[in-house]
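# Topology and contacts: notes
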Amino acid sequence: MVDIAILGSALGSIKTATDIAKLIKDSGTSLEQAEVKLQIAQLISSLADIKMELADVQTLLIDKDQKISELQIELKTKQSVTWSKPYYFTETDGEKDGPFCQQCYDNEQKLIRLQGGGTKSWNCLSCKGSYRDSNYVSPRPINFV
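Residues numbered from 1 in each chain as written. Predicted model: local features only at pLDDT ≥ 70, side-chain atom pairs only at ≥ 80, totals over all residues. Heavy atoms only, no water.

## Things to note about the nonpolar core
Under the convention used in this document: The criterion is simple. A nonpolar core is a set of buried Ala, Val, Leu, Ile, Met, Phe, Trp, Tyr and Cys residues joined through side-chain atoms within 4.5 Å. Here's how the labels work: a residue is buried when its accessible area is under 20% of the maximum for its type, exposed when over 50%, partly exposed in between, all with a 1.4 Å probe on protein chains only. Working rule for contacts: check all heavy atoms of both residues, and any pair within 4.5 Å makes them a contact.
Counting 8 residues, the largest nonpolar core is built from Y87, F89, C101, C104, L114, W122, C124 and Y131. Setting aside residues no more than four positions away along its own chain, Y87 makes contact with T82, P99, F100, L114, W122, Y131 and D133.

This is the structure in structure tokens:
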């Protein structure tokens, strides 16, 4: 939500500028030249204030849009993550990607791709966790002579 104080201030400045413009219009020739210049200077000042306040509003709106975009991406990612014991996968349009580390995702919501998998044994290079699934094949023992 845009900061209400900034909008209120901008609207107040617009009202002031409008009032000054009406005063100048209605004054006609009755005001001396110095008074007209003073009123015009006040009008210009009010318009400059409005411009700065609206620039602040624009910055706030850009920041909010960026945050909304980040949250939409985060939500989409969370919706695509599936648990398949002992690790996570992402699924988009029926295509699985992964596996990803359970510890890293559960603790920090980070999708860290696991390495290895040749014997269905996986390692996380971030947290140093090891995972084996039901298809784990133990490496052949080394026979010493």
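## Some details on the sheet that holds strand β6 (residues 130-132)
Counted only if it meets this: Paired strands, as defined in this entry, are two strands with at least two bridges between them according to DSSP. Per the convention used, a helix needs a DSSP run of H or I reaching at least four residues, while a strand needs a run of E reaching at least two, with both numbered from the N terminus.
What the 3 strands build is an open sheet, ordered β4-β5-β6; its pairing is antiparallel. The open sheet has two edge strands, β4 (115-116) and β6, and neither has a second partner.

## As for the sheet that holds strand β1 (residues 81-84)
Test applied: Fitted lines through C-alpha atoms serve as axes, helices being fitted only where they are in contact, and the angles separating the N-to-C directions of these axes extend from 0 to 180 degrees.
Reading across from one edge, β1-β2-β3 is the order of the 3 strands in this open sheet, with antiparallel pairing throughout. On the outer flanks of this sheet lie β1 and β3 (95-100), each paired with one strand and no other. This sheet shows a mean twist of 35° between the axes of neighbouring strands, independent of strand direction. Sheet analysis places strand β2 (residues 87-92) next to β3, joined by 4 bridges and oriented antiparallel. Bridging from a neighbouring strand, Y88 pairs with F100 of β3.

## Quick notes on the confidence of the model for the protein
Using the following cut-off: pLDDT expresses how confident the predictor is about each individual residue, on a scale running from 0 to 100.
Averaged over all residues, the pLDDT of the protein equals 80, while 84% of them reach at least 70. Mean pLDDT values for the elements of the protein range from 73 in helix α1 (residues 4-27) up to 92 in helix α3 (residues 102-108).

## Concerning the environment of Q115
Along the polypeptide, Q115 turns up in strand β4. Residue class for Q115 comes out partly exposed when judged on its relative accessible area of 36%. Along the sequence, Q115 and G98 sit 17 residues apart, while their C-alpha atoms lie 9.7 Å from each other.

## Notes on the packing of aromatic side chains
Heads up, the condition is: Side-chain rings of Phe, Tyr and Trp (the six-membered ring for Trp) are treated as a pair once their centres are within 6.5 Å; stacked means planes under 30 degrees apart, edge-to-face means over 60, and tilted covers the remaining angles. Placement of a positive charge over a ring is assigned whenever Lys NZ or Arg CZ falls within 6 Å of the ring centre and within 35 degrees of the normal to the ring plane.
Counted according to the given criterion, the structure contains 5 aromatic pairs. An angle of 65° between the planes, with centres 4.9 Å apart, marks the rings of W83 and Y88 as edge-to-face. Residue Y88 is classed as buried on the basis of its relative accessible area of 13%. Measuring from centroid to centroid gives 6.1 Å for Y87 and W122, while their planes differ by 75°, and the two rings are edge-to-face. Of this pair, Y87 sits in strand β2 while W122 sits in strand β5 (residues 121-123), placing them 35 residues apart in sequence. Accessibility expressed as a relative area gives 14% for W122, which makes it buried. Above the plane of the ring of F89 lies K96, whose end atom (NZ or CZ) is 4.5 Å from the centre.

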